[in-house]
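Spelled out, the chains give:
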Amino acid sequence: MSRPNLVLVFVVTSLLLWGCSSSDEGLTLTASQEQQIAERIAPAGHSVMEGQVVVASPAMSSGAGRAGDDIYNTSCMACHNSGVAGAPMYGDVSAWATRLEQGIETVYANAINGIRAMPARGTCMTCSDDEVKSAIDYILDNSK
Ligand code: HEC
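Cut-off values and rules
Residues numbered from 1 in each chain as written. Predicted model: local features only at pLDDT ≥ 70, side-chain atom pairs only at ≥ 80, totals over all residues. Heavy atoms only, no water. Donors = N, O, S within 2.8 Å, 3.2 Å for Na, K, Ca; no water. Buried < 20%, exposed > 50% of the residue type's maximum accessible area, 1.4 Å probe, protein only. Axes fitted to C-alpha atoms, helices over the stretch in contact; angles between N-to-C directions. Helix = DSSP H or I, 4+ residues; strand = E, 2+ residues; numbered from the N terminus. Parallel < 35°, antiparallel > 145°, perpendicular 65-115°, else oblique. Contact = heavy atoms within 4.5 Å. Nonpolar A, V, L, I, M, F, W, Y, C, P; charged D, E, K, R; others polar. Disulfide = S-S within 2.5 Å. Polar contact = N/O pair within 3.5 Å; in protein donor to acceptor, adjacent residues only side chain to side chain. Left-handed = near helix turned anticlockwise from the far one by under 90°.

A. Local environment of the coordination of the iron atom of the ligand. Protein ligation of the iron atom of the ligand involves His-80 (NE2) and Met-118 (SD), the donor distances falling in the range 2.0 Å. According to the relative accessible area criterion, His-80 is buried, its value standing at 10%.

B. Summary view of the packing of helix α2 (residues 68-80) against helix α5 (residues 129-141). One way to put it is that α2 packs onto α5 with a least axis distance of 8 Å and a crossing angle of 95°. Classed by the angle they form, the pair α2 and α5 counts as roughly perpendicular. Contacts between α2 and α5 involve Gly-68, Asp-69, Ile-71, Tyr-72 and Cys-76 from the former and Glu-131, Ser-134, Ala-135, Tyr-138 and Ile-139 from the latter. Its residues assigned to classes, the contact of α2 with α5 shows six nonpolar, two polar and two charged.

C. Up close: the state of the cysteines. Applying the stated criterion to the full structure yields one disulfide. Note on cysteine connectivity: Cys-124 is disulfide-linked to Cys-127, with sulfurs 2.0 Å apart. Every disulfide takes its handedness from the sign of the S-S torsion; for Cys-124 and Cys-127 that torsion is 80°, giving right-handed. Looking at Cys-127, the relative accessible area reads 4%, which means it is buried.

D. View of the side chain of Ser-143. Tracing the sequence through the fold places Ser-143 in the segment after α5. Since its relative accessible area comes to 4%, Ser-143 is described here as buried. Reaching out from Ser-143, the side chain makes a polar contact with the backbone nitrogen of Gly-91 at a distance of 2.8 Å. Side-chain polar atoms of Ser-143 contact the backbone oxygen of Ile-139, separated by 2.6 Å.

E. Here's a closer look at the packing of helix α4 (residues 104-113) against α5. At a closest axis distance of 10 Å, the pairing of α4 and α5 adopts a crossing angle of 120°. The angle between α4 and α5 falls in the class oblique. Classified by chirality, the crossing of α5 by α4 is right-handed. Contacts between α4 and α5 involve Ile-104, Val-107, Tyr-108, Ala-111 and Ile-112 from the first element and Asp-129, Val-132, Lys-133, Ile-136, Asp-137 and Leu-140 from the second. Grouping the amino acids of the contact of α4 with α5 by side-chain chemistry returns eight nonpolar, no polar and three charged.

Here is the structure:
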(Lines give C-alpha, C1' and ligand atoms only; values in the text may rest on other atoms or scores of the structure.)
Protein backbone atom coordinates (compact mmCIF):
# COMPACT_ATOMS: atom_id res chain seq x y z
CA MET A 1 0.00 0.00 0.00
CA SER A 2 2.83 2.40 0.68
CA ARG A 3 4.63 1.85 -2.60
CA PRO A 4 2.07 3.43 -4.96
CA ASN A 5 1.96 6.42 -2.62
CA LEU A 6 5.72 6.78 -2.70
CA VAL A 7 5.72 6.58 -6.48
CA LEU A 8 2.99 9.13 -6.63
CA VAL A 9 4.89 11.43 -4.26
CA PHE A 10 8.00 10.98 -6.37
CA VAL A 11 6.21 11.76 -9.59
CA VAL A 12 4.44 14.77 -8.13
CA THR A 13 7.64 16.03 -6.51
CA SER A 14 9.70 15.68 -9.64
CA LEU A 15 6.98 17.32 -11.68
CA LEU A 16 6.97 20.19 -9.21
CA LEU A 17 10.74 20.42 -9.22
CA TRP A 18 10.82 20.25 -12.99
CA GLY A 19 8.19 22.94 -13.15
CA CYS A 20 10.06 25.12 -10.70
CA SER A 21 13.46 24.62 -12.25
CA SER A 22 12.22 25.25 -15.76
CA SER A 23 10.41 28.40 -14.74
CA ASP A 24 13.44 29.43 -12.69
CA GLU A 25 15.50 29.04 -15.82
CA GLY A 26 13.09 31.24 -17.66
CA LEU A 27 13.34 33.89 -14.98
CA THR A 28 17.11 33.64 -14.76
CA LEU A 29 17.42 34.19 -18.47
CA THR A 30 15.47 37.41 -18.43
CA ALA A 31 16.15 38.68 -14.89
CA SER A 32 19.02 40.95 -15.84
CA GLN A 33 17.26 42.10 -18.96
CA GLU A 34 14.10 42.77 -16.98
CA GLN A 35 16.10 44.78 -14.47
CA GLN A 36 17.72 46.84 -17.18
CA ILE A 37 14.35 47.51 -18.75
CA ALA A 38 12.85 48.34 -15.36
CA GLU A 39 15.67 50.81 -14.69
CA ARG A 40 15.21 52.41 -18.09
CA ILE A 41 11.45 52.90 -17.76
CA ALA A 42 11.53 53.70 -14.04
CA PRO A 43 11.76 57.52 -14.40
CA ALA A 44 8.82 57.59 -16.82
CA GLY A 45 6.78 55.31 -14.61
CA HIS A 46 7.52 57.44 -11.56
CA SER A 47 6.64 60.73 -13.21
CA VAL A 48 3.29 59.28 -14.30
CA MET A 49 2.61 58.22 -10.71
CA GLU A 50 3.61 61.64 -9.42
CA GLY A 51 1.41 63.33 -11.96
CA GLN A 52 -1.58 61.28 -10.93
CA VAL A 53 -1.13 61.11 -7.20
CA VAL A 54 0.96 64.08 -6.14
CA VAL A 55 0.54 66.79 -8.75
CA ALA A 56 -2.94 66.32 -10.21
CA SER A 57 -5.05 65.74 -7.12
CA PRO A 58 -4.09 68.90 -5.16
CA ALA A 59 -4.61 70.93 -8.31
CA MET A 60 -8.14 69.55 -8.53
CA SER A 61 -9.08 70.39 -4.96
CA SER A 62 -7.04 73.40 -3.88
CA GLY A 63 -8.31 76.04 -6.28
CA ALA A 64 -6.22 78.08 -8.70
CA GLY A 65 -6.32 75.06 -11.02
CA ARG A 66 -9.33 75.50 -13.26
CA ALA A 67 -10.02 78.68 -15.15
CA GLY A 68 -13.26 80.59 -14.77
CA ASP A 69 -14.41 79.90 -18.32
CA ASP A 70 -13.88 76.14 -17.88
CA ILE A 71 -15.98 76.12 -14.74
CA TYR A 72 -18.62 78.34 -16.29
CA ASN A 73 -18.93 76.10 -19.35
CA THR A 74 -19.08 72.96 -17.22
CA SER A 75 -21.25 73.98 -14.26
CA CYS A 76 -22.98 77.31 -14.83
CA MET A 77 -23.97 77.77 -18.46
CA ALA A 78 -26.91 75.36 -18.28
CA CYS A 79 -28.81 77.98 -16.27
CA HIS A 80 -26.97 81.23 -16.92
CA ASN A 81 -26.99 80.96 -20.72
CA SER A 82 -30.75 80.55 -20.82
CA GLY A 83 -31.92 82.37 -17.69
CA VAL A 84 -33.56 79.28 -16.17
CA ALA A 85 -35.66 80.11 -13.08
CA GLY A 86 -34.69 83.76 -13.29
CA ALA A 87 -30.94 83.24 -13.38
CA PRO A 88 -29.22 86.46 -14.47
CA MET A 89 -28.04 85.69 -17.97
CA TYR A 90 -24.46 85.64 -19.17
CA GLY A 91 -23.91 88.88 -21.09
CA ASP A 92 -26.96 90.64 -19.61
CA VAL A 93 -25.32 93.91 -18.54
CA SER A 94 -28.25 95.41 -16.64
CA ALA A 95 -29.13 92.16 -14.83
CA TRP A 96 -25.60 91.87 -13.49
CA ALA A 97 -25.35 95.57 -12.71
CA THR A 98 -28.42 95.15 -10.51
CA ARG A 99 -26.87 92.13 -8.78
CA LEU A 100 -23.64 94.06 -8.18
CA GLU A 101 -25.50 96.80 -6.31
CA GLN A 102 -25.35 94.58 -3.22
CA GLY A 103 -21.53 94.43 -3.50
CA ILE A 104 -19.25 91.90 -5.15
CA GLU A 105 -18.53 90.04 -1.88
CA THR A 106 -22.26 89.39 -1.39
CA VAL A 107 -22.59 88.20 -4.98
CA TYR A 108 -19.67 85.80 -4.41
CA ALA A 109 -21.12 84.58 -1.13
CA ASN A 110 -24.60 84.06 -2.58
CA ALA A 111 -23.19 81.92 -5.37
CA ILE A 112 -20.99 79.92 -2.98
CA ASN A 113 -23.76 79.38 -0.41
CA GLY A 114 -26.68 79.33 -2.83
CA ILE A 115 -29.63 81.72 -2.96
CA ARG A 116 -33.25 80.83 -3.86
CA ALA A 117 -33.10 78.81 -7.14
CA MET A 118 -29.31 79.28 -7.38
CA PRO A 119 -27.80 76.06 -5.99
CA ALA A 120 -24.71 76.29 -3.75
CA ARG A 121 -21.60 76.54 -5.95
CA GLY A 122 -23.87 76.15 -8.96
CA THR A 123 -23.77 72.39 -8.19
CA CYS A 124 -19.97 72.30 -8.69
CA MET A 125 -19.28 70.61 -5.38
CA THR A 126 -15.62 70.05 -6.29
CA CYS A 127 -15.12 73.78 -6.93
CA SER A 128 -13.16 75.71 -4.33
CA ASP A 129 -14.40 79.17 -3.30
CA ASP A 130 -11.75 80.70 -5.55
CA GLU A 131 -12.88 78.61 -8.50
CA VAL A 132 -16.51 79.70 -8.04
CA LYS A 133 -15.29 83.31 -7.80
CA SER A 134 -13.24 82.96 -10.98
CA ALA A 135 -16.33 81.64 -12.78
CA ILE A 136 -18.28 84.68 -11.52
CA ASP A 137 -15.47 87.00 -12.62
CA TYR A 138 -15.64 85.36 -16.04
CA ILE A 139 -19.40 86.03 -16.22
CA LEU A 140 -18.98 89.64 -15.02
CA ASP A 141 -16.09 90.35 -17.40
CA ASN A 142 -18.39 89.35 -20.26
CA SER A 143 -21.48 91.12 -18.95
CA LYS A 144 -20.44 94.77 -18.80
C1 HEC B 1 -29.59 75.13 -11.61
C2 HEC B 1 -29.40 76.39 -12.27
C3 HEC B 1 -28.16 77.18 -11.94
C4 HEC B 1 -26.86 76.80 -12.05
C5 HEC B 1 -26.31 75.44 -12.50
C6 HEC B 1 -26.05 77.93 -11.66
N7 HEC B 1 -26.84 78.97 -11.33
FE8 HEC B 1 -26.25 80.79 -10.63
N9 HEC B 1 -28.17 81.35 -10.41
C10 HEC B 1 -29.29 80.60 -10.72
C11 HEC B 1 -30.48 81.33 -10.42
C12 HEC B 1 -31.90 80.86 -10.62
C13 HEC B 1 -30.06 82.58 -9.88
C14 HEC B 1 -30.92 83.69 -9.37
C15 HEC B 1 -31.23 83.42 -7.91
C16 HEC B 1 -32.09 84.54 -7.31
O17 HEC B 1 -31.55 85.63 -7.05
O18 HEC B 1 -33.27 84.30 -7.13
C19 HEC B 1 -28.60 82.55 -9.90
C20 HEC B 1 -27.81 83.58 -9.44
C21 HEC B 1 -26.43 83.61 -9.51
C22 HEC B 1 -25.60 84.71 -9.08
C23 HEC B 1 -26.09 86.02 -8.51
C24 HEC B 1 -26.09 85.93 -6.99
C25 HEC B 1 -26.56 87.23 -6.40
O26 HEC B 1 -26.05 87.60 -5.31
O27 HEC B 1 -27.46 87.88 -6.95
C28 HEC B 1 -24.32 84.36 -9.32
C29 HEC B 1 -23.08 85.19 -9.07
C30 HEC B 1 -24.35 83.03 -9.87
N31 HEC B 1 -25.63 82.60 -9.98
C32 HEC B 1 -23.21 82.34 -10.25
C33 HEC B 1 -23.22 81.03 -10.69
C34 HEC B 1 -22.04 80.29 -10.99
C35 HEC B 1 -20.63 80.82 -10.87
C36 HEC B 1 -22.45 79.06 -11.39
C37 HEC B 1 -21.57 77.87 -11.76
C38 HEC B 1 -20.50 77.52 -10.85
C39 HEC B 1 -23.89 79.02 -11.33
N40 HEC B 1 -24.33 80.23 -10.93
C41 HEC B 1 -24.66 77.92 -11.67
C42 HEC B 1 -29.28 79.33 -11.27
C43 HEC B 1 -28.15 78.57 -11.48
